[in-house]
Amino acid sequence: MADMSENDLIATFFAPLAGEGGLGLRDDAARLALSENHELVVTTDGVIAGVHFFPEDPPESVARKALRVNLSDLAAKGARPVGFLLTLGLPEGWTRDWLAAFAAALGEDARARRCPLLGGDTMRTPGPLTVAITALGEIPRGTMARRDGARAGDIIAVTGTIGDAALGLEARRAQVAGPDAPRPAWLDAIGPDHAAALARRYLEPQPRNALAEAVRGLASAAMDISDGLIGDLRKLTLASGVSALLILDDAPLSPAAVAAPAADDSLARQIFGGGDDYELLLTAPPDHYESLAAAARAAGCGLAAVGEILPADAPFETRWRDRAVDLGPGAFTHF
């Protein structure tokens, strides 16, 4: 472990990241002023080595992922990021070089996304490296996009592409294991460029914060896809008291994700039920959809209609290749 006190660690690596409300990280609390007639939106997610990322992952990727999964939650609520709190549990054997790279990437990402560090806590842990972030956002009063607003007849839509991160987990596992370890045949079938693209999507998600204003103005319900498209849609319909028809053939897939099931048909379960996409799952009335799609194109992420919200008494149906399919729970779960 590096020979530094907690105060030295904070002053060296994290005080330079602090926004005005963080008071230079010299106090036990932060101060945050909201814009007039705005509300505070708060979300928290943590990442743990060996659970959410590989211990061998670069510190820069760990930092970006830890922040971005929280920014994705703010995007799904239509909120503008205003800052974040960081709790960092460092295991035995941490090094100054690792922490310097982590802090540099975290600061770069925070500046680019206008979400400064406001405070937090650092500690030693006997377990694996743990990074927990609480992100704060603001939103015009009464405009937050929630999970419970979907209504029968709404269009179901998703941003970006689906399934890359779940496949990327396998691609990254193969990278970590090395060239001589056994690897899934489909990885070799899709080629090294596709495999590397999938691994990048797993390592560093892309939150859709540029779409936040359109989400709160045009979507009837919204959440981010963190645990899998099918399972997260089930959560949204449960919250809204409705059902859904999900057409997986219409789900947007990257070239790498298209190539994977062509090599191994069983990968559909991972593509549509795996976690870590951090795309937005939205519902919108038909007369709002084209405006929402135009905003998504302008934000550079695109939008694809993948189904329809049905009345509560209709069965939840998932279709793929023109037939009803059962791909299981369709979501990652910790328990």
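Just so it is clear, the structure is predicted and the values come from calculations on it, not from any experiment.

Asker: Is there a simple way to explain the UniProt feature "binding site: substrate" (unreviewed entry) in the protein in this structure?
Answerer: When the UniProt feature table is mapped onto this chain numbering, "binding site: substrate" (unreviewed entry) sits at His 52, Asp 276 and Phe 332. The topology assignment puts His 52 in the loop between strand E1 (38-48) and helix H2 (59-77). Classification of His 52 as buried rests on a relative accessible area of 18%.

Asker: How should the sheet that holds strand E9 (residues 303-310) be read in this particular structure?
Answerer: Taking strand neighbours across the sheet as the criterion, the seven strands line up as E6-E8-E5-E9-E7-E10-E11 in an open arrangement whose pairing is mixed. Single-partner strands in this sheet number two, and they are strand E6 (221-225) and strand E11 (323-324). Of the pairings in the sheet, the one linking strand E5 (residues 155-159) to strand E8 (residues 279-284) comprises four bridges and is antiparallel in character. Counted as the bridge partner of Val 158 is Leu 281 from E8. Most of the contacts of helix H8 (residues 229-240) go to E6, to which it runs at about 150°, and overall it touches E5, E6, strand E7 (243-247), E8, E9 and strand E10 (317-320). Against the sheet, helix H11 (residues 286-299) touches E5, E8 and E9, its axis set at about 155° to E9.

Asker: Looking at this structure, I do not really get helix H1 (residues 6-14). What am I missing?
Answerer: Since there are 3.6 residues in each turn of an α-helix, residues three or four apart along the chain are aligned in direction. Taken as a whole, H1 has its buried residues at Leu 9, Phe 13 and Phe 14. Viewed along the axis of H1, the buried residues span an arc of 70°, placing them on a single side of the element. Against the buried residues of H1 lie strand E2 (80-90), helix H3 (96-112) and strand E3 (117-124).

Asker: What is the right way to look at the pattern of salt bridges in this model?
Answerer: Where charged atoms from two side chains of opposite charge approach closely, those side chains can pair. Counting across every chain of the model gives 19 salt bridges. Across the pair Glu 170 and Arg 173 runs a salt bridge, and its minimum N-O distance is 2.9 Å. Taken as a pair, Glu 170 and Arg 173 lie in helix H4 (residues 164-177) at a separation of three residues, close to a single helical turn. Accessibility expressed as a relative area gives 38% for Arg 173, which makes it partly exposed. When salt bridges that share partners are traced, they join Asp 164, Arg 201, Arg 208 and Glu 279 into one network.

Asker: How should the pairing of E6 be read in this particular structure?
Answerer: The two faces of a sheet get side chains in turn, since along a regular strand they alternate between them. Where burial is concerned, most of E6 is hidden: five out of the five residues are buried. Alignment of E6 against E8, held across five bridges, turns out to be antiparallel. Residue pairing across strands places Ala 221 opposite Thr 283, the latter belonging to E8.

Asker: Which parts of the structure should I look at to understand the pairing of E9?
Answerer: Relative to E9, E5 runs antiparallel, the two being bridged by five bridges. Bridged to Ile 155 within E9 is Glu 308. With four bridges connecting them, E7 and E9 associate as antiparallel partners. If you follow Ala 244 over to E9, its bridge partner there is Ile 309.

Rules used in this analysis
Residues numbered from 1 in each chain as written. Predicted model: local features only at pLDDT ≥ 70, side-chain atom pairs only at ≥ 80, totals over all residues. Heavy atoms only, no water. UniProt positions renumbered as here; feature names shortened; annotations may be inferred. Helix = DSSP H or I, 4+ residues; strand = E, 2+ residues; numbered from the N terminus. Buried < 20%, exposed > 50% of the residue type's maximum accessible area, 1.4 Å probe, protein only. Pairing = 2+ DSSP bridges. Contact = heavy atoms within 4.5 Å. Axes fitted to C-alpha atoms, helices over the stretch in contact; angles between N-to-C directions. Arc of directions from axis to C-beta. Salt bridge = Lys/Arg side-chain N within 4 Å of Asp/Glu carboxyl O.

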